[in-house]
Structure formats: C-alpha cells, structure tokens
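Survey of secondary and tertiary structure
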Amino acid sequence: MIVDENAVVSSIADAIGEPARARMLYSLMDGHARTSTELAVVAEVSPSTASVHLSRLKDERLVNVVAQGKHRYYSIANANVAAALEALSVLAGGPRQRFVPTTPSRLRAARTCYDHLAGTIGVLLHDRFIALSWLEPAGRVKDYAITPAGERALDALGIDVDGLRRQRRRLAFGCLDWSERRPHLGGALAADVLRIALQRRWLRQDLDSRALTVTALGARELQKRFGIRVTSSRQAA
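Residues numbered from 1 in each chain as written. Predicted model: local features only at pLDDT ≥ 70, side-chain atom pairs only at ≥ 80, totals over all residues. Heavy atoms only, no water.

Turning our eyes to something else, we now look at the packing of aromatic side chains. The final tally for this structure, using the stated rule, is 3 aromatic pairs. Ring plane angle 45° and centroid distance 5.8 Å describe the contact between phenylalanine 129 and phenylalanine 226, whose orientation is recorded as tilted. Of the two residues, phenylalanine 129 sits in helix 7 (residues 120–131) while phenylalanine 226 sits in helix 11 (residues 216–226), which places them 97 residues apart along the sequence. Residue phenylalanine 226 is classed as buried on the basis of its relative accessible area, which comes to 4%. (Phe/Tyr/Trp six-rings, centres within 6.5 Å; stacked < 30°, edge-to-face > 60°. Helix = DSSP H or I, 4+ residues; strand = E, 2+ residues; numbered from the N terminus. Buried < 20%, exposed > 50% of the residue type's maximum accessible area, 1.4 Å probe, protein only.)

What follows is the structure, given as structure tokens:
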C-alpha cells in the first residue's frame, strides 16, 4: 500500500492546527503528563469535547496515554513531536506557561506510592539511576533491566538484585508521578530502595499521612551516593 505523505502531513497539521488541540499539546511541552479533565480546562472545552480532541491526537500519534488507577494521563508522544511543536513556536513567537503543581509541598517533596518512593526525590532518583547507567530499557514499554554497573552499586547499597529478580513482580519500571507528572521508580527494586532508606533513617515516615521527611543523615547520603541535593526544607535539586 502506497502512503500519500502529503495527506499524512496534512492530517497531522490539521490535528495540531485546531486551537483547542494546540493548547492541549503546548501545555504538555513542559514534559508533565495531564489528565483529560486538566486538558479540558487548558483547552477551554467541555470534558466530552476534550475526549474527542484527545482521541484525534492519539490517532495521529501526537500524544501517548497511560492509565494509572482511575485516571488516564496524556503526554507528548515523542521527541519528534516536541521538536515540531517547538519549531512552530519559533514561527509563532510568545512564551508558554509552565506547569505549576498544586500538590501540598510536604507530599510533593517525598511520599510513599504504595510501597515505593514518590514525589520530587523519587523522580530525581529515577533519573539518576538512568544517568548513572544502573538501569536500561528492557522488555515492555517503561520497564528497566539492572545493568552490571547497577548490580555492583545496588549490592554496595545492600540490595539483593538476584533476590529481586526471583520475586513474582515487575523488577523496575517508570511509574508516573502524581505531583511531578514524570516517572519515579516503581517495582521490586523501588520497594527495596524505600525499605533501605527507612531502615537507615534517611527518611522518616509520617504516622498520619503518606508524607516522608528527609533526615539530616538522609540529605547527606542522597548527595554522597546519588548526587541529589536536599535542603532542610526537603526541596530536592
């Protein structure tokens, strides 16, 4: 079957060119995922109309959707889509508003997500594990394998990688963060990282909420071991 490239380009351009859909796409350019409800507000349309627009964007492979709990989160499909939108921004001119989380600061900094670490620090740890080449993409989308370098580093941290692999659960994957709208680390590895952080008193768990407090010892260890700086106000950088 011969594909008419002009028709494909025209269809994509039409999808981007509709004002409500354009507002949705550009709101996702900061790298954070959003729900259809949030995108309906951004686009200034009803939730039902937003669903129609998002279906079109998904059909054109301009956005990805991830179902997590009762929500569906939308994000820019890939770097090529982002580059195309960025180029259009250059032609159009004008700045775009950044995503500003409304999550309470105590929960945003660090909290539990089931049995693993979430929030700003959880996202930064996810990114550092990848930057340090401790993890690499594997198998299905968003799953990670632990590299030989990662095995050595995690072993030094007190994590039994072979034991994790024997567990009947996903080893490591990118879990979309509720407040940061970027992935933190989920799976058996993430659960063990949180266990060790609590055991060694790097983190202290609140009795009445999911919030986690980074201790003075934890701040030192996070910087020493992972290059993550945390101030006394628990804001990571």
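Alright, that's what it looks like, and here's the rest.
This next bit is on the layout of surface pockets. Considering only enclosed or pocket space, the largest pocket measures out at about 520 Å³ in volume. Along the wall of the largest pocket there are 26 residues; nearest its centre are Asn64, Ser75, Ile76, Lys142 and Pro183. In terms of residue class, the lining of the largest pocket is built from 15 nonpolar, 7 polar and 4 charged. (1 Å grid on protein atoms, 1.4 Å probe; cavity = no way out; pocket = protein on both sides within 12 Å on 5 of 7 lines; lining within 4 Å. Points joined across faces, edges and corners; volume = space filled by probe spheres on them. Nonpolar A, V, L, I, M, F, W, Y, C, P; charged D, E, K, R; others polar.)

Core analysis: the largest hydrophobic core is formed by 33 residues, its most contacted members being Leu125, Phe129, Leu154, Leu189 and Phe226. Elements with a minimum of two residues in this core: helix 7, strand 7 (144–146), helix 8 (148–157), helix 9 (161–166), helix 10 (188–199), strand 11 (212–214) and helix 11. Among the elements that make up this core, the one with the highest residue count is helix 10 (7 residues). (Core = buried A, V, L, I, M, F, W, Y, C linked by side-chain atoms within 4.5 Å.)

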